[in-house]
Amino acid sequence: MHNSLRAALVGLLLLTPLAASAATTAELQAQAAMLLQQVQALQAQYSGNQVAATGACPNLTRSLSRGISGNDVLRLQTFLARDPSIYPEAVLSGYFGPLTERAVQRWQVKFGVISSGPGYGIAGPRTAAAIALQCATGGGTTPQATVGGFISASPIQGAAPLTVNVTATVNTPNSCAAAVYTLDFGDGTAPQQIPIAAGMCAPFNQTYPHVYRYGGTYKVTLSAAGNSESATVVVTGAPPPVFTSNIPAESFHASPSSGTVPLTVTFSGIVNSNDAGFCTGGCASTLDFGDGTGSNVNLPATTGGWLNYSVTHTYTQSGGYRATLYQGGAGVAQPTVGTATIIANPAPPPPPISAYTYSPPELLPPTDDSYTFGVRFDLPAACTGYTLSWGDGSSSVVQSDGGSSCTAQAPLLKTLNHTYANTGNYTIVLKRGASLSRSDNLGVNIQ
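Residues numbered from 1 in each chain as written. Predicted model: local features only at pLDDT ≥ 70, side-chain atom pairs only at ≥ 80, totals over all residues. Heavy atoms only, no water.

Our focus in this paragraph is the packing of aromatic side chains. Scanning the model with the defined rule gives 10 aromatic pairs in all. Judged by centre distance (5.5 Å) and plane angle (40°), the ring pair of Phe267 and Phe289 falls under tilted. Pair noted here: Phe267 is in strand E11 (residues 263-272) and Phe289 is in the loop between strand E12 (285-288) and strand E13 (297-299), with a separation of 22 residues, a long-range link. For the pair Phe267 and Phe289, a shared accessibility class is recorded, and that class is buried. On the numbers, 6.1 Å between centres and 70° between planes, the contact of Phe373 with Tyr420 is edge-to-face. With Phe373 in strand E18 (residues 372-379) and Tyr420 in the loop between strand E21 (412-419) and strand E22 (424-432), this residue pair connects regions lying 47 residues apart in the sequence. (Phe/Tyr/Trp six-rings, centres within 6.5 Å; stacked < 30°, edge-to-face > 60°. Helix = DSSP H or I, 4+ residues; strand = E, 2+ residues; numbered from the N terminus. Buried < 20%, exposed > 50% of the residue type's maximum accessible area, 1.4 Å probe, protein only.)

Dropping the structure here:
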């Protein structure tokens, strides 16, 4: 046993009351427990002093995290306490508490191991390897830089849109530790991540082309573990657009988008007739129905720019059409608000004439004292055949049927007149249809 530890234990024994014979058994047990606690504290202090005196690295063989105790935790605390910026509290207790966790996090960030997420604040395999590497290269006393780099940009000025080649050189300290560098182009676009794998141990450079679309002064930054380098790029031209919140979005709707001809479609929505960068002071928009009828509609310009519109159009020919709303007028160069595909299907074929239901004919009496009578009757089509006999021996009225080319359409009403020469009773016979299968009789009594 070390002399200093032995002396301390002897001192503790000497402080124990000699008149133990006068003490109770419970008192003796309490004194023994107190002595054991003091011996354990001296042993822990002795182990810690030995670690601090030797200057050895922690040599971690397991993952250490909050709640773990042991000599390896004490060795880790001693290692971290060498840098006041990492572990200013320098509590060497052998217990991994919140102070030790924050110290590990500071060390991980400073030496580019990890800065957030799983493993942050835990002395796991990656952190143990980085500590061992630092001990091997720096003797475990002076921390060796594990991140470093610089950037260059070309060109550094020009008119928008400007393509700038940013060359990033990273790991200039020739560190073998893993690290992640971030290249931020300064214009709000997503930054470029540059990961360096553990064991690379050499500088790495790569060029990243980036397009600046708007005018402005931009700061390009390369950063890692709290260190950063930057370059400035000046772009001339219009500044980035400023978007106004809570304004309506342009829209284009068509309903219905399909049906049989004649098909009437309603187009509705919102359009901005004062689009910045295209027209000023208000300009009309054009709604092209896409059927080549020349009946396109120019929506009026409005002072405020925004216009709610509703327009109807009837497609009379079957086919597929592309309706388009052009912002600020029709033309190749004009922006498009929206398009809609309209399908106009042919009308269904009419039913065959054989299925047509005829109505009974109607006798029309004379309007004066003459013997002129009329007969009114319906036909499914103008080309439907019929014969009409007046019943007085005069010639019948005959219309030949149109045959297979004669299809049912809207019913047609036909009126024929005839003047009888004498009084008497007559029978008018009307036959209709392709085969004159429909026959009707009308009686006429002239006195």
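Along the chain, Thr169 turns up in strand E3 (residues 162-170). For Thr169, a relative accessible area of 12% translates into the label buried. Among residues more than four places away in sequence, those in contact with Thr169 are Gly148, Gly149, Phe150, Phe204, Asn205 and Leu222. (Contact = heavy atoms within 4.5 Å.)

Next up on the list: the sheet that holds strand E19 (residues 386-389). A sheet is described by the order of its strands in space; here 4 strands give the open sequence E20-E19-E22-E23, paired in antiparallel fashion. With partners counted over all chains shown, the strands left at the sheet margins are strand E20 (397-399) and strand E23 (438-446), one partner each. Taken over all neighbouring pairs, the strand axes of this sheet differ in orientation by 10° on average, direction set aside. Where E22 lies against E23, 9 bridges are found, and the strand directions are antiparallel. Paired with Asn425 across the strands is Asn445, a residue of E23. (Pairing = 2+ DSSP bridges. Axes fitted to C-alpha atoms, helices over the stretch in contact; angles between N-to-C directions.)

Moving on, we get to the environment of Ile342. Note on placement: Ile342 falls in strand E16 (residues 336-345). Note on Ile342: relative accessible area 0%, which makes it buried. Sequence separation of Ile342 and Tyr315 is 27 residues, and the distance between their C-alpha atoms is 9.1 Å. With near-sequence residues (within four places) excluded, Ile342 lies in contact with Ala254, Pro256, Ser257, Leu263, Val265, Phe267, Tyr315, Gly319, Gly320 and Tyr321.

Without other data, these values stay purely geometric and don't point to any function.
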